[in-house]
Every structure is written in structure tokens, then in C-alpha cells.
Amino acid sequence: MKGNGEVPRIGVYVCDCGTNIAGKVRVPEVVEYAKNLPGVVVAREYKYMCSDPGQDLIKRDIQEYGLNRIVVASCSPLLHEHTFRKATAEGGLNPYLVHHVNIREDVSWVHDDEEEATRKAKAIVHGAVLRVAWQKPLEPQSVPVRESALVVGGGIAGITAALTLAEAGKHVYLVEREPTIGGHMAKFDKTFPTLDCAACILTPKMTAVKDHPNITLLTYSEVEEVDGYVGNFKVKVRKKPRYVHEDRCVGCLECIEACVFKEPRFPNEFDLGLSKRKPVYIPFPQAVPPVVTIDPETCLYLRLGKCKKTCVEACGDRNAIDFDMQPETLELEVGTIILATGFKTFDPHRTPKYGYGKYPEVYTSLEIERLVNSSGPTGGEVVMRNGQKPKRVGIIHCVGSRDKNTNPWCSKVCCMYSLKLAHLIHERSGAEVYNFYIDMRTPGKGYEEFYNRLAKEGVHLIRGRVAEVTDAPLHPEEEGKLIIRVEDTNIGVVRRIPVDMVVLAVGLEPQPDAEDVRRLFNISCSNEGWFLERHPKLAPVETFTDGVFVAGACQGPKDIPETVAQAQAAAANALALMDKGSVLIEPNVAQVDEELCSGCHICIGLCPYGAISFNEEKKVAEVNEALCKGCGTCTAACPSGALSQNLFSDHEVFSEIMGVLL
Amino acid sequence: MSGYAYYPGCSLLGTGKSYDESTRAVFEALGVPFQELEAWNCCGATAYSSIDECTAFALAARNLALAHRRGDPIVAPCPNCYLVLTKTQRYLQQYPDMRQRIEQTLERLGLQLGNEIPVRHPLQVLQETPGLEEIQKRIQKPLKGLRVVPYYGCLLARPFPIVEDPWNTTILEDFIEVTGAEVVPYAYRTRCCGGALTGVIREAGVRMVHILLREALRQGAQVIVTTCPLCQFNLEAFQQEALGNNGIQERIPVLYFTQLLGLALGLPPEKLGLHRHLIPFQPRHAILQEAVS
Amino acid sequence: MSAYEPKIVGIFCNWCAYTAADLAGISRMKYAPNVRIVRVMCSGRFDPQMVFWAFKHGADGVLIAGCHPGDCHYQEGNYKALRRFKLLQKLLDQLGIERERVRLEWISASEGEKVKQVIDEMTETLRRLGPLRIQETPQAPEAVGTAGGGHHG
């Protein structure tokens, strides 16, 4: 058999993988079969090919038998292709002369019949043997990795990642779409289970971000375009105009005081509409950057062109307000990217049976966080929309979670925050609190103890899924109240519990534009819409796109400790790349055989990266290997077979197809 | 299309007679083209599907086949009939084995199943033909000052809602407003009346009726309108038990929405079957009395 | 009892479909053993000649699987696969080969269940259709050197 000029001397290694493969595939039979395939010099069975002794087999055989091609049949190449390439290289052979095929995920784990599984394994090995003969030695390209990172999202995840990277001496661009960083955590009052004040632990970090020389903070900005590849990303960021110069505003807030709107009139987004703001505003007092923003939708001057501009007057010499500001586009060049775009809460309008939006005294948990917060709309007093303090409060768990009709997943944090809110509401107002839950999920460190503490404090814990919240009374004591109808499954009775205020423990969902964002960065989303990690257990912060990492709730619901851990992990991954300084690019690029190329131009228009150009002198196509990503579409289209993709040439792919059809 | 294939169903021939009469009268007065589906059979809305599912669906499918032969969409005032016919249609599409068996059965009767036939409720039909604006123009005796509770019942909201958003729909309220009457806000407008429970587990059914009636009275309603013969029956016929046995002396008339609409259109009360009610509809207001007499 | 079991070649793209097949494996989903998966980087690498080659060498069906439109790791490769597939279908019609024998599916990385479903369905369909009636005397493997035109030797 011809194999690039050399007579192939192939070593075949079939892995038992313990009983994962050997339990269903008759491995010795496959090995015997392999011995008789063309070019095979040695064929072995081994328990764990990926282990050190397994790899040593390959290395020794290369030396001893003068092997020039290796086939490994074991688990998925997505797991261990690099392992066997490394072993091959250490054995003295070019690492691209190995072909790793899958007889575990594709065979032993998915077929019950031993006969069929063994036959299929043989076919796959046959395909591999025929293919590997056509493989050529290749050298991967090395590209430099810029020592700068982009962190998208300025919540606790983004802040942690940015600080970790900055401390390591890397330059970080932190992009946040809101006028301030802080994310959801800035809205909380206390955090579970320690009841630490959220602002107290968060704001020092926010300040550290602002002050760190290695961090460029871009708030009120969004990523518009991403180009390039690992180590060399080119990112376009659009800064929205705040109409206030960040470097001139000192945060005195005189402009807000002076605004022609004497009273705040517009819903304050930070307080979730529970309080009002003026067109010129600062989201909260400890905002970073500590500058005001002018909202073009509500500012009289920006909308109608007519206003006394008392704000400008109040600003005086500082001259920070500039109504002529335009959006700015910045072009950044970074080596790595970390996505920390967070979550959104479930909108309980989707579960109308709980009366959200219909009854004014039904709130979401996030709204209550603002109510109990001393810098919130009611100064931390638990006061309802009707101005009164509740005597009885019902907290309903799992709103928009664990529900086939809305979201099937468990949002992980709601049991804990519902208990926390129960504590805070009771502490502030003395109200009687009822928590209605399906299961009490408190698995973290100190969490079960927190639950016990709450139970001792006298919170009523009722195990039952609430059927409805209604204002139609059946008994005199229900008049004027919201009645929660629930089956108390622990005692087997349907109960009607009249309360003054209902709190819905809303679940966590992916951000509404997660699909758009992930396309920007060329990563995937899971079925539910969370960013997809490379491996749920072993690579939770990496993505399938090299150089792009994820951290925090954008990857799935989680609490603050887990978020911080992930952010540090993502930063560590990014640091590893940046410190290494360079990264090897897979050499599976396309190449043109100039003798065969007829200059038909078909390939040139096909390449999505513009990697193919036409050489006017030679009248043939030319591939720029630095731009080629190795998709192979040009190879498939070339009518003369002049274009060939390294590692996936026609010879290689076609012979594998033929081989698996034994 | 020669007009809607009018499918009264068994209830409208019995206790729901006034629903049949009022729906026909209103359709005629508003120019909705319809003709009773000839030789229709019971849809099997009751317990039959718990006994022999395939035969039950074949029963319902025969009506679909008859309508297909005529080439007209079906209008079914009884939400239970509406449910069974719609469900049968969906299942015939989802389960090809069942479809095959039923097709064979119907073939022996010289009938065929065709493509999907629209099955509608009078609320939907009237909203399209002639439409609320047109109906507004034809109102002769506006029922001003009459406080009406819009009771949809459960089947129009689930499992096959007649509107896209059953929680926030106002289709029945719109009809009430068009008659000039006042809509009473009612939290229980799609809560179940108990259905067959009043017959099978009396206390449970009566309790459900009690909750509905009580809330209507609490809101100061003078009449409840319904869209379903079983709801109408439950809410009217059990008032002695549901209210009287709980020390509540008040009684409240329960009408079909088509009767209310018919009165406002100026149709004579006997034509609308108003004489058939156990609790007579006798509003005290002069204008309304005029409408009713 | 039929001795015929269809042989299907699967051409799966690395980023979505192959990952989904791995997921099906990790989740221990069981499906028909008739498909042999060949990995390529992108469904854009799919060349209709691969189908004829597979048929020539004993396949009864070919399954090409790539990312959903809009999700291709290389931006547009799957669209090109779709175009080629559509043309291929016309050619199959002209040759009298049943369209069901070649199938193009979009399978995202998290759709392990879909891998199982598609493979089971296709296997069942091909059992019904029977073997592809284009026979070729088995040739010695050396003949593979004639594929794709002269290459660097």
C-alpha cells in the first residue's frame, strides 16, 4: 500500500478502558483481526492506553519495531487525541502520524449486542488503519498570545476575573453594558449563609477595579464584533454616550439636584421600578465609575432640544456635561476572553396564577432585596406599595423553576435566598413568615446550619407547591388579604393561608440575548440557553473555542462562592495561555497543489475567512495558512483535487470511509 | 361553504335547551350562516373514553367525517363537545395506528376523514361573524346597569384554549360590554364548577359551586353568564344546597351568554328559552324589565 | 428473519455532531449499531463524491451531520453542505437511488438524544428499503490509490 512514499509500518493499540470497552467489545478478537490488516506490524490490547504504561507501549514499539504510523482505538479523540499525539512525539515520531478512533462513546457505550459491537469495532479499526497510511508528518503553527484579556460583564464574576488577571500583571479590558459595574450582587442586602452585607464585600472590589492600573474599565459599553483566534482576538467595543465626561465628573451629584425635573419621575431600573429617578442619575451611591449618566429617552434636552440645562449650570467649571457626545467605537486586541455576562430572573407574568402584576402586593425576590436594603426605596423598612407594613408574608419557592410549564431546572440559589429573605423580613418588620417549598435545597458549606437556624427562628416551613394566590375570600379573616392556597403535604390538608404580602422566589434564566452574544464569540449554548462548557465535570470554565472562557451564572445557576471560584478558574486558564506566550494552531489547513490548480476561482469565494487568494502571476489559488481555520470546504469543492486539507485529504477521508464498510 | 355545521350535542337537546334556542336565535338575528349537522351522533363526551378509547374516538370521528362530507367547519356550543371533537382531531393526527382503525370503521359507513376541520365555539364564531363592531350596531335594548359575572368555565381555557392567552383573555367580557351591561370583576372566571362531580361526589361538587356563587355574590353581581350547559346547570340547580345550606338566602340567576346577547339584540325572551330557568331572570330595573318582557 | 442489516456511513462534524455523539455515549443511550462514524472538522468538508464512494464500497446509506444553520464553528460550512446536498439529491433521483439513503441532519453539541433518534430512524428506514442494489466486486485495497487524482506520493 502506498503511503506517501514510505511503506507503512503501523502499530495498532486497542484499549480495554477497564471494562468500559472490554465489557462489550471482544478486544482480543479485534487485536487479532488488526494483526492481519495491510501494513500492521504490531497490534496490542491494553487496559488503559491513556495511562503512562499505555503510552510507553507506543513509545517503545516505535523504537523497537520502527513504526511509522500509530492507530489507537479507545475513547473519544475529543478527550485523548492530544495524549496519543504527545506519546507518539515522545516516541520519536511526528505526532500527526497517529489516528485515534472511538470505540467507546461510539461503540461499547451505545450498543448492547456484543457481536455487533465487536464487528463495529473491527470496522472502525480497519478504517483507521487504511486512513493512517495516508497521513503525512505535519508541523503545527505557533502563534503568539497577546498578554491582554477581555472580560465581558462587570458583576462579581467579571470583577473577580479582572482583578485576578490584573494582579498577575496582565492588561484587562472590563466591558460592562450598564452604567456601573456590580451586577446583581450590588442589589442584594445580605448574602447567605453568613448574612454578610453584600455591598460591604463588593464595593471594595469595585473600587479596586477602578483604581487598578492594569484594568481599563469600559462601562455603558457593549461588544459589537469579535474577529481573530486564540491569542489574537480583535474586538470592537461600542461605548454608549453618557453625555458626561467620565474624567471630569467628580460625582458631586449637584446636577441631579439642579435638574429641571423637581421630583424624580421615571422608574429607577436599579430599584426595579420601586422608586423613581430623574433623567440625570447615578444608579446607586457607590456606583463605579462614580459618575452620573444622562438617559436620552427621558432627558428633555436630548429628546426635544429644549431645556434650561440647569444641570450644566450646576456643574460649573468642571464642565463635565456634554450633550454632543457621540457613541465611540474602540478596537481592542486581546489574547484571551472571559465571558461573565450573568443571568436574568424569571418573569412571573408567565405564571399568572401567582397574581404578579395583578395584585400590587405580590413581589419578586429581587424587588424584596431592594426593599430590605437600607439604600433601597424604603430605606430598608419592609413597607408595601399600599404604605403599610405586612403582618404576614408568604414566600413561594420555585417560581419559574422545576416546572415543566416554564423552566425545568432547579435554580440552585432560591431556597437559600428565600430563607435569607424570611429572616430579613421577620427581623425588620416582625411579620410572621411562611415559606412554601417543594424540597429544601441547602447543600453548601454552612447552608444546612442556616436552614436549622431559620427553623428555630420560627419561620413556618410548609412543604407544598402553591396552587394559586387569590384575593377572593371565603372566610371573614381572609377579607382584604391575599390568600395562598396550598396542599400542606406533610399533614395532607389543603390550606388557605391569608397573607398581606407575597414574595415569589423567581428562578434564574439565561440573559435574553445569550444566543446573540454566544454567536459573537463563536461558542455554543446548551439546550436551556446557558453558555456551553467544554466538559461539565472536567472543564467547566473552558469552551469549545480556544481562548474563550466562561465564568459565573452565564454558564448555569450558581451562588456567589461558586461564581467567584469559576471566575478565578477562568482567569487561571487565561493566565496559563498568556504566560505560555504562544499557542500551537492545529495544522489541518488547506494547501494548493499548483500543478493541478486550473485557476477556476471556485475556492476563493467559498472561504469564510478570506484565506484563499488568487496569485495573478502563477494563475493559481494560494492559501494563507495563518488565516485558514481548517474547515475543509474548499477541499470538498475543488473540481481538480488541487486543494487538499492536511489531515483530512481525500485519500485520508475516503480510505477511512471504505475501511469502516468492511 | 354553506354555513357552519351546527353541532348541538346531547346536552343542548336536554337540560341545555335554552342554550340551543338562544344560540340559534342569535345566529339567525346576526346573519351567521349555519345549518344543523345532519344525522350527528353523541360525541361521547362522558365516560366512554375510559371504557374503550378507540370506539369512543370513532364515535366522535363520525361527526368530523360528516362535516368533512359537507365541507363545513363545525360550531359546537357545548365546550365538552368542543373538547372531544378537537381532541379526537389531534389524536388522529398524532397516532397513525388509531387513525387507520378509525378510517376503516368509517369506510364501512361510507364516510371518510379528511384534512383538519375547524371546530369552533360560538364565542369564536361571533367574534369573527359578524364581529363585535357590527353586533354593537345592532343592539336594540342595551342592558344598562346590569351587573354581570363573566364565567367562562374551565374547558374554554384548557386543555385546548379557544384564545391564545386564556389567562388574560377578555373575549366573554367584550360580549357582555357590547350588550351595554356592566362587567363584574371575577377572579374565578376560569375556575372549574365541578363538572360531573355534583353527580358523582356530591359534597365536592357542591363545594366548588358554593365557592363560585359566593364570590359572585360578594362582588355584587346580579346575574352570571356561562358558556357551557353543565356549568349553567351546576350553578343554577344546586343553589339551594350550595347557598341555602350555608345560610345564604340570596339566589342569583345563571344565563347563557347567548341569552344575554339575544335580549340586548331585542329578541323576545321566549325565543331565547328564558322561561326554562329554575331561577327566573327578573331584574328590578325598569329598562331591563322592558328588555325581559 | 432477515440477514440483511443496513450499513450506514456517518460523516459527522467535529464541533457539533461528533460531540453530540460523544454525549449520547456518555449518557449511555442505546442505538442501532449500523452507523460507522467518520469524523471531519466541518460538514462543509462533505463532498458528494463521498456518498458514491461509500455506496460503491458497500454502504446502504450515508448520514451527514453538522451544526444547525447559523451555528457553524466555521461560520458557513453547513450552508455549503446543504447546497451540495440539495444538488446531490437531484443526482440520486436521476440514478434511481432512493432519497432516504442519504440524509443531512443538523445536530447541536447538546443533542445527544437526537443522534440516537436519527440513527435508529434511518436504520429502520433502510431495513425497509432493503440493500442498495449497486453491486461491485470487492477490490483489493491497493486500488484506493486512484481516488481523488494524483497526490504527492
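From a predicted model like this one, the values you see are computed outputs, not experimental measurements. (Residues numbered from 1 in each chain as written. Chains lettered and ligands numbered in written order. Predicted model: local features only at pLDDT ≥ 70, side-chain atom pairs only at ≥ 80, totals over all residues. Heavy atoms only, no water.)

Asks: How should I be thinking about the overall build of chain A in this particular structure?
Replies: Broken down by element type, chain A carries 18 helices and 34 strands. Overall, chain A is about 90 × 70 × 40 Å in size when its C-alpha atoms are taken along their principal axes. A fraction of 69% describes how many contacts in chain A between residues 6 or more apart in sequence connect residues 24 or more apart. Split by element, the accessible area of chain A, about 26900 Å² in all, is 50% carbon and sulfur. Once the 75 positive and 88 negative side-chain charges of chain A are each reduced to a mean point, those two points are 4 Å apart. (Helix = DSSP H or I, 4+ residues; strand = E, 2+ residues; numbered from the N terminus. Contact = heavy atoms within 4.5 Å. Areas by Shrake-Rupley, 256 points an atom, 1.4 Å probe, with all protein chains shown as cover. Lys, Arg positive; Asp, Glu negative; His and termini not counted. Charge placed at Lys NZ, Arg CZ, Asp CG, Glu CD.)

Asks: Which parts of the structure should I look at to understand the confidence of the model for chain C?
Replies: Interpreting fine coordinate detail is not advised for predicted regions of low pLDDT. Residues and elements named next belong to chain C. Residues of chain C with pLDDT of at least 70 account for 86%, and the chain-wide mean is 87. Across residues 143-153, confidence stays below pLDDT 50; counting only partners more than four residues off in sequence or on other chains, it has 20 contacts. For this predicted complex, the interface score ipTM comes out at 0.87, alongside a pTM of 0.81. (pLDDT = per-residue confidence, 0-100.)

Asks: Can you help me understand the nonpolar core in this one?
Replies: Grouped burial of nonpolar side chains is what soluble globular proteins tend to show. Y7, I74, I102, L126 and L261 of chain B are the most contacted members of the largest nonpolar core, which totals 76 residues. Per-element accounting of this core gives the leading share, nine residues, to helix α3 (residues 53-70) of chain B. Looking at this core, you find at least three residues from each of domain 1 (4-122) and domain 2 (132-292) of chain B. If sequence neighbours within four positions are ignored, L126 of chain B has contacts with V26, F27, L30, V32, G131, I135, F175, F257 and L261 of chain B. Counting residues in each nonpolar core, the second largest holds 64 residues, with C249, F284, C315 and F323 of chain A among its members. (Core = buried A, V, L, I, M, F, W, Y, C linked by side-chain atoms within 4.5 Å. Buried < 20%, exposed > 50% of the residue type's maximum accessible area, 1.4 Å probe, protein only. Domains from an automatic or database assignment.)

Asks: So what exactly am I meant to see when it comes to the sheet that holds strand β18 (residues 336-339) of chain A here?
Replies: Two orientations exist for strands paired in a sheet by backbone hydrogen bonds: parallel and antiparallel. All names here are of chain A. Read from one edge of the open sheet, five strands run β10-β7-β6-β18-β29, paired in parallel fashion. Edge strands, defined here as strands with exactly one partner in the open sheet, are β10 (215-218) and β29 (548-550). Going across the sheet, the axis of each strand differs from the next one's by a mean of 20°, ignoring polarity. Judged from the four bridges that link them, strand β6 (residues 148-152) and β18 form a sheet pairing that is parallel. If you follow L150 over to β18, its bridge partner there is I337. Of the strands in this sheet, β6, β18 and β29 are in contact with helix α15 (residues 560-580), which crosses β18 at around 175°. (Pairing = 2+ DSSP bridges. Axes fitted to C-alpha atoms, helices over the stretch in contact; angles between N-to-C directions.)

Asks: It is not clear to me how the sheet that holds strand β22 (residues 432-437) of chain A should be interpreted in this structure. Could you clarify?
Replies: All names here are of chain A. Pairing within the open sheet is parallel, and its five strands lie in the order β20-β27-β21-β22-β23. Looking along the sheet, the strands with just one partner apiece sit at the ends: β20 (362-364) and β23 (460-463). Strand-to-strand twist of the sheet, defined as the mean angle between neighbouring strand axes without regard to direction, takes the value 20°. Note that β20 and strand β27 (residues 501-506) share three bridges and pair parallel. Residue V362 lies in a different strand from β27, and its bridge partner there is V502. Against the sheet, helix α11 (residues 365-372) touches β20 and β27, its axis set at about 90° to β20.

Asks: I keep staring at the pattern of salt bridges and nothing clicks. Help me out?
Replies: Side-chain pairs of opposite charge can arise where the charged atoms are in close proximity. All chains considered together, the criterion is met by 79 salt bridges over all chains. In this structure, K170 of chain A and D579 of chain A form a salt bridge, with 2.7 Å as the shortest nitrogen-oxygen distance. Here D579 of chain A lies in helix α15 and K170 of chain A lies in the loop between α6 (156-167) and β7 (171-175), a separation of 409 residues in the sequence. Judged by its relative accessible area of 4%, K170 of chain A falls in the buried class. E103 of chain B is paired through a salt bridge with R99 of chain B; the nearest N and O atoms lie 3.2 Å apart. A residue pair is termed a helical-turn pair when its members lie 3 or 4 positions apart in one helix, as E103 of chain B and R99 of chain B do in helix α5 (residues 96-108) at four residues. Each of R26, E29, E114, E115 and K122 of chain A takes part in salt bridges that share partners, so that together they form one network. (Salt bridge = Lys/Arg side-chain N within 4 Å of Asp/Glu carboxyl O.)

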